[in-house]
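# Overview (structure and organization)
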Amino acid sequence: MPTFRNLLPIAFLCLVALALGSPGVPARAENPAGVVIKELSHEAPVEKVVTKDFSHETPIEKAERMKWFNDARFGMFIHWGLYAEPAGVWEGKDVEGIGEWIQDKAKIPVSEYSELQKSFNPVKYDADAWVKFAKQAGMKYIVITSKHHDGFCLFDSKHTDWDIGGTPYKKDLLRPLAEACQKHGIKLCFYHSIMDWYHPQYGNKEEWRGNHATEQPDMEIYRTYMKAQLEELLTNYGDVGIVWFDGEWESSWTHEMGVDLYNYCRTLQSSTIVNNRVDKGRDGMVGMNKDGEFSGDYGTPEQEIPHTGFGKGVYWESCMTMNETWGFKKKDDQWKSSETLLRNLIDIASKGGNFLLNVGPTAEGEFPTASIERLQMMGEWMEVHGESIYGTSASPFEKVSWNGRCTQKPLPGGGTRLYLHLFEWPEKGQLVVQRLKNRPLRATLLGVEEPLTIAGKEGEWVVELPAEAPNAIASVVTLDIEGKPEM
Ligand code: JFZ
């Protein structure tokens, strides 16, 4: 017969266990909308990761870690999620603004938005085909939304049911993408939103969302949840090239949290690159950091290209849409021309940055035809002219004396190859290169083998061109010079 006396130690142990919480077992919370969410307590398993300090990296160490990124110059952004289902239309009405913000723009409560999960079934999704589109376009990396602001996860997370596992499709969408990237030599990267419109403990509250279980959200619980998911992303999909944070601007996210999250990601994968939206340094759409000490490895201009580069050791990437939305919108037909997109890439490379160009797949899992056409056209150009983009650095000219741009690359043996991008074919077939002191040794047109005749004098070299431009959007003259360019 158990007596009160011999049950006492057991009762005591139970009390201790209760007080400590039960590590590893997610609690369940029901928010007022009736949406069931697993919540991680402060004592979640993620706490076992002892975050190291990565703030003492030297510029040389950083340059080594950034090398693949800096050489790549061109990547694909993919915004994909439940918002591809309404695709810009809610209850028969067109909703203004970018497609992935529909929940916010149309003030859709979480209880209604979450219905989309029941019908999300991208049966046409072919990860291998997606990666091939990127590769054939000449892109070297893919940044896909593991989670956007709506909180929905494209991977099958242990820590929430608000993910692909809870859709009719069920299967993790990131795993086949990781495999295809591995197979085709493309770096896989994750966009992960800090702002979360779904999690009941995310710090900034909007009453109309109806997702908060309590009056006072607990950002510490939310951070534990986010870190547990990042542990999944940085453990289960091989090497992750970049963790691309976003939604850092709200008041509940602080500089200290940003520093901690940066260090946390690099603790899990020390060579990974983390963008500057992890911290509070970003200066609006310009995307570069304000003065001060902030975490993050590179700047993220959005929908714009800086007027000039930023010099050695400052890394950046302009992200841009092909039409006007990131997430698929069926009625957005404001497509930029292939010419504009290619010249953007060249412009960005001439300033020493990267171009992250977006595709918003449909809810069925397909790239829009207009996107595919643009990717193919860019790929055709890159096939012939890629060496003028990959591994190059910014133009040595403050201003070029032709309508176009310039990039450069060191030649083995000490010289430099200048790549002169011509947006317009010079009159009389003569390209005049002003301000350059170094005597050119050799000039060619990419894709055309014969050397071109060089005349002129120091500060005003003249390259004799054939009558017709080999490429209507941008022809590239290579100009090999001795030593480093001097102006
Ligand atoms: C953000 C996201 O909100 C958007 O959905 C998309 O993912 C894009 C790449 O990044 O867009 C922003 C971010 C910040 C501002 C505006 C749009 N801002 O600071 O004004």
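Residues numbered from 1 in each chain as written. Predicted model: local features only at pLDDT ≥ 70, side-chain atom pairs only at ≥ 80, totals over all residues. Heavy atoms only, no water.

## Some words on the overall build of the chain
From N to C terminus, the chain includes 10 helices and 18 strands. Projected onto the principal axes, the alpha-carbon positions of the chain cover approximately 105 × 55 × 40 Å. Working note: accessible area of the chain is about 21,800 Å², and carbon and sulfur atoms make up 52% of it. One finds the centroid of the 52 positive side-chain charges in the chain at a distance of 2 Å from the centroid of its 70 negative side-chain charges. (Helix = DSSP H or I, 4+ residues; strand = E, 2+ residues; numbered from the N terminus. Areas by Shrake-Rupley, 256 points an atom, 1.4 Å probe, with all protein chains shown as cover. Lys, Arg positive; Asp, Glu negative; His and termini not counted. Charge placed at Lys NZ, Arg CZ, Asp CG, Glu CD.)

## Brief notes about the pattern of salt bridges
All chains considered together, the criterion is met by 25 salt bridges. Put simply, Lys351 and Asp347 hold a salt bridge, and the shortest N to O gap is 3.0 Å. Both residues of the pair, Lys351 and Asp347, belong to the buried class. When salt bridges that share partners are traced, they join Glu57, Arg65, Arg266 and Asp297 into one network. (Salt bridge = Lys/Arg side-chain N within 4 Å of Asp/Glu carboxyl O. Buried < 20%, exposed > 50% of the residue type's maximum accessible area, 1.4 Å probe, protein only.)

## So, the domain arrangement of the chain
It is common to give the size of an interface as the accessible area that goes away when the parts come together. With domains assigned, the chain is organised as domain 1 (59–388) and domain 2 (404–481). Centre-to-centre, using C-alpha coordinates, domain 1 lies 37 Å away from domain 2. Together domain 1 and domain 2 conceal approximately 1,300 Å² of surface at their shared face, both sides included; 61% is due to carbon and sulfur atoms. Contact with domain 2 buries area across many residues of domain 1, yet Arg343, Glu387 and Ser388 alone supply 43% of it, more than any other trio. Our count for the contact surface shared by domain 1 and domain 2 stands at two salt bridges. Where Asp347 meets Arg405, a salt bridge forms, and the shortest distance between an N and an O atom there is 2.8 Å. Seen at the junction of domain 1 and domain 2, the total is nine residue pairs in polar contact (both at pLDDT 80 or more). Every element with two or more residues in the side of domain 1 that touches domain 2 is listed here: helix H9 (338–350) and helix H10 (369–385). Residue composition of the side of domain 1 that touches domain 2, by class: six nonpolar, three polar and four charged. (Domains from an automatic or database assignment. Buried area = accessible area lost by both parts, 1.4 Å probe. Polar contact = N/O pair within 3.5 Å; in protein donor to acceptor, adjacent residues only side chain to side chain. Nonpolar A, V, L, I, M, F, W, Y, C, P; charged D, E, K, R; others polar.)

## Describing helix H8 (residues 255–268)
Taking 1.5 Å per residue, 14 residues should reach 20 Å; H8 reaches 20 Å between its end C-alpha atoms and fits that length. Among the residues of H8, Met257, Gly258, Leu261, Tyr262, Asn263, Tyr264, Cys265, Arg266 and Thr267 are the ones counted as buried. Looking at the buried residues of H8, the elements they touch are helix H2 (59–72), helix H7 (219–233), strand S8 (242–246) and strand S9 (273–274). (Expected span 1.5 Å × (residues − 1). Contact = heavy atoms within 4.5 Å.)

## Focus on unusual backbone geometry
Not every positive phi belongs to a glycine, and Lys107 is a case in point at roughly 45°. Along the chain, the position of Lys107 falls in the loop between helix H3 (102–105) and helix H4 (110–113). Here Lys170, not a glycine, exhibits a phi torsion of approximately 70°, which is positive. Looking at the element boundaries, Lys170 is found in the loop between strand S6 (141–147) and helix H6 (174–184). With a relative accessible area of 54%, Lys170 lands in the exposed category.

## Points about the packing of aromatic side chains
Inspection of the entire model under this criterion finds 25 aromatic pairs. Consider the rings of Trp80 and Tyr125, whose centres lie 5.1 Å apart with planes at 40°: the pair is tilted. With Trp80 in the loop between strand S3 (74–78) and strand S4 (89–90) and Tyr125 in the loop between H4 and helix H5 (127–137), the pair connects residues that are 45 residues apart, well separated along the chain. The pair formed by Trp80 and Tyr125 is uniform in burial state, with each residue classed as buried. Relative to Tyr198, the ring of Trp162 lies with its centre 4.2 Å away and its plane at 10°, an arrangement referred to as stacked. (Phe/Tyr/Trp six-rings, centres within 6.5 Å; stacked < 30°, edge-to-face > 60°.)

## Side note on the site of the ligand
Around the ligand, a shell composed of 14 residues is seen, among which His79, Glu100, His148, His149 and Asp246 lie nearest. Here an oxygen atom of the ligand sits 2.7 Å away from a polar atom, N or O, in the side chain of His79. At 2.8 Å, a side-chain N or O of His149 approaches an oxygen atom of the ligand. Within the complex, 82% of the 440 Å² of free accessible area of the ligand lies under protein. Across the shell around the ligand, the residue classes tally to six nonpolar, three polar and five charged. (Near = heavy atom within 4 Å.)

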